[in-house]
Amino acid sequence: MDYFKQFVIPFSGLKQGIHHFEFGIDDTFFEHFEYSEIRKGSLAVRLDLEKEEKLLVLMFSFEGIITMPCDRCFEPVDLPLSGSDHLVVKFGEGYYEEKEDLQVIPEGQSQLDISPFIYEFVHLHLPARRVHPEDPDGNSMCDPEILKKLDELTDRHAPDPRWDVLNDLLKKDES
């Protein structure tokens, strides 16, 4: 069975009103998208689809764990991820995106593949900073060898001359 077949919603057979769908997203999902930042993860996705006469309203919510490289040590780190988003799909002449949350599909279309929307919404909710958490004592749980090497390469005592001009401006402003 094709893994992605589960993400194709045959909305033409649905009555008007709200319909609920649930999906499990795993590594197979993220491996399908060539440029995905996420390669491993396990997410539960819920879709509430409201079918109206001339449009569909899709409310997505998801929650789970993803694994990504740490921004500091590049070792894998498990990150909790959750979020929600919505999308309105209306019928028109062809396929196009009218706004970031409004998709147009052809009048005769009877089904909708929601996998690209799930992919996009999950990636939009990725944290900006992806690092290992600290232990109860406040120490980083990053790879200690990498942290040691970073500390050796970072000269924390040498002033950065690029800040001299800005510091001079601050001193003038204070006086």
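Small disclaimer: the values here were computed from a predicted structure and weren't measured.

## Some points on the pairing of strand β6 (residues 96-99)
Examined bridge by bridge, β6 and strand β7 (residues 102-106) share 3 bridges and lie antiparallel to one another. Within β7, the residue paired with K99 across the bridge is L102. Connecting β6 to the next strand, β7, in antiparallel fashion are 2 residues.

## Describing the nonpolar core
One broad trend across soluble globular proteins is that nonpolar side chains are buried collectively. Residues F7, F29, L58, F60, I114 and I118 are the most contacted members of the largest nonpolar core, which totals 40 residues. Secondary-structure elements contributing two or more residues to this core are β2 (17-25), α1 (27-32), β3 (40-51), β4 (55-69), β5 (76-92) and α2 (115-124). If sequence neighbours within four positions are ignored, I114 has contacts with F7, I9, F23, L47, L58 and F60.

## Considering helix α3 (residues 144-153)
Little of α3 is tucked away, with 0 of its 10 residues classed as buried. Of the residues flanking the start of α3, the one acting as N-cap is D143, its side-chain oxygen 2.9 Å from the backbone nitrogen of E145.

## Looking at a nonpolar patch on the surface
A cluster of nonpolar side chains, namely W163, V165, L166 and L169, defines an oily patch on the protein surface of about 430 Å² accessible area. Take V165: it is sitting in helix α4 (residues 164-174). Classification of V165 as exposed rests on a relative accessible area of 57%.

## Brief notes about the state of the cysteines
Should the sulfur atoms of two cysteines be covalently bonded, the bond is a disulfide. If you walk through the whole model with that rule in mind, you get 0 disulfides. With no disulfide of its own, C73 has C70 as its nearest cysteine by sulfur position, at a separation of 3.9 Å. Residue classification places C73 among the buried positions, given a relative accessible area of 2%. For C142, which is in no disulfide, the shortest distance to another cysteine sulfur is to C70 and amounts to 3.6 Å.

## Brief notes about the pattern of salt bridges
Under the criterion given, the structure shown has 4 salt bridges. Salt-bridge contacts for E98 lead to K90; the nearest nitrogen and oxygen are separated by 3.4 Å. Owing to a relative accessible area of 38%, E98 belongs among the partly exposed residues under this scheme. With relative accessibility at 28%, the residue K90 sits in the partly exposed group. A single salt-bridge network, built from bridges that share partners, covers E22, R46 and D48.

Rules of the game
Residues numbered from 1 in each chain as written. Predicted model: local features only at pLDDT ≥ 70, side-chain atom pairs only at ≥ 80, totals over all residues. Heavy atoms only, no water. Pairing = 2+ DSSP bridges. Helix = DSSP H or I, 4+ residues; strand = E, 2+ residues; numbered from the N terminus. Core = buried A, V, L, I, M, F, W, Y, C linked by side-chain atoms within 4.5 Å. Buried < 20%, exposed > 50% of the residue type's maximum accessible area, 1.4 Å probe, protein only. Contact = heavy atoms within 4.5 Å. Polar contact = N/O pair within 3.5 Å; in protein donor to acceptor, adjacent residues only side chain to side chain. Patch = residues over 30% accessible without salt bridge, like charges linked within 9 Å, V, L, I, M, F, W, Y side chains within 5 Å. Areas by Shrake-Rupley, 256 points an atom, 1.4 Å probe, with all protein chains shown as cover. Salt bridge = Lys/Arg side-chain N within 4 Å of Asp/Glu carboxyl O. Disulfide = S-S within 2.5 Å.

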